[in-house]
Amino acid sequence: MTRALYFGLGCLMLALGAIGAVLPLMPTTIFLIAAAWCFARSSPRLEAWLFEHPRFGPSLRAWRDQRAISRASKLLACTGMAAGFVIFWTTASPGPLLATVVAASLLGCAAYVATRAEPKAPGG
């Protein structure tokens, strides 16, 4: 039963990651990291497929092995968060309290991303 739950959750995370790959401002990698975590507990074949994927595998392996995020990914993530806040600000017209809470949350997330190590070269 638990394995089926992890498998279903992994499939959902994989679907959200796939959507994020084509929709601007929706994250991809975090959903794929969650999918890999779920598949590690339910489907080693799908976990291996994710880690060997030519496009997403290197980022996933860097996170798994080194807890590292590439400079380009950091830039994209922080830019996406900033753009998301601008869109939120202009379309939702939030009050000062809500805008501050959202800005503080996004700044905290951006700080976390920005302070992660960058992947070391293999053998380096």
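The preceding data block contains the structure.
The rules behind the values
Residues numbered from 1 in each chain as written. Predicted model: local features only at pLDDT ≥ 70, side-chain atom pairs only at ≥ 80, totals over all residues. Heavy atoms only, no water. Helix = DSSP H or I, 4+ residues; strand = E, 2+ residues; numbered from the N terminus. Buried < 20%, exposed > 50% of the residue type's maximum accessible area, 1.4 Å probe, protein only. Lys, Arg positive; Asp, Glu negative; His and termini not counted. Salt bridge = Lys/Arg side-chain N within 4 Å of Asp/Glu carboxyl O. Polar contact = N/O pair within 3.5 Å; in protein donor to acceptor, adjacent residues only side chain to side chain. Contact = heavy atoms within 4.5 Å. Phe/Tyr/Trp six-rings, centres within 6.5 Å; stacked < 30°, edge-to-face > 60°. Expected span 1.5 Å × (residues − 1). Arc of directions from axis to C-beta.

**Overview of the side chain of K74**
Note that K74 resides in helix α5 (residues 71-92). In this structure, K74 is buried with no salt-bridge partner, the nearest side chain bearing the opposite charge being E118 at 4.1 Å. Within the structure, the side chain of K74 is placed 2.4 Å from the backbone oxygen of R116, a separation counted as a polar contact. Residues in contact with K74, not counting those within four places in the same chain, are I69, V113, A114, R116, A117 and E118.

**A short note on the packing of aromatic side chains**
Across all of its chains, the model carries four aromatic pairs by this definition. Between Y6 and W37 the ring centres are 5.5 Å apart and the planes differ by 80°, which places this aromatic pair in the edge-to-face class. Of this pair, Y6 sits in helix α1 (residues 2-22) while W37 is found in helix α2 (residues 29-40), placing the two residues 31 residues apart along the sequence. Accessibility expressed as a relative area gives 25% for Y6, which makes it partly exposed. Centroid distance F7 to F39: 6.0 Å. Interplanar angle 50°. Geometry classified as tilted. Here F7 is found in helix α1, whereas its partner F39 is found in helix α2, with 32 residues between them in sequence.

**Digging into α1**
The terminal C-alpha atoms of α1, which comprises 21 residues, lie 31 Å apart, in line with the 30 Å expected from a rise of 1.5 Å per residue. Listed in full, the buried residues belonging to α1 are G10, M13, G17 and G20. Across the axial projection of α1, the buried residues extend over an arc of 80°, all falling on one side. In α1, the exposed residues that point more than 90 degrees away from the buried face are A4 and V22. Of the surrounding secondary structure, the elements contacted by the buried residues of α1 are α2.

**Remarks on the pattern of salt bridges**
Tallied over the full model, the rule gives two salt bridges. R64 serves as the salt-bridge partner of D65, at 2.8 Å between the closest nitrogen and oxygen. When its relative accessible area of 52% is taken as the criterion, D65 is described as exposed. With a relative accessible area of 41%, R64 lands in the partly exposed category. Across the pair E118 and R71 runs a salt bridge whose closest N-O atoms are separated by 2.9 Å. One end of the pair, E118, is in the segment after α6 (96-114); the other, R71, is in helix α5, with 47 residues separating them in the sequence. What makes E118 partly exposed here is its relative accessible area of 34%. Under the relative-accessibility criterion, R71 is labelled exposed at 59%.

Functional significance is not addressed by these values, which are geometric in nature.
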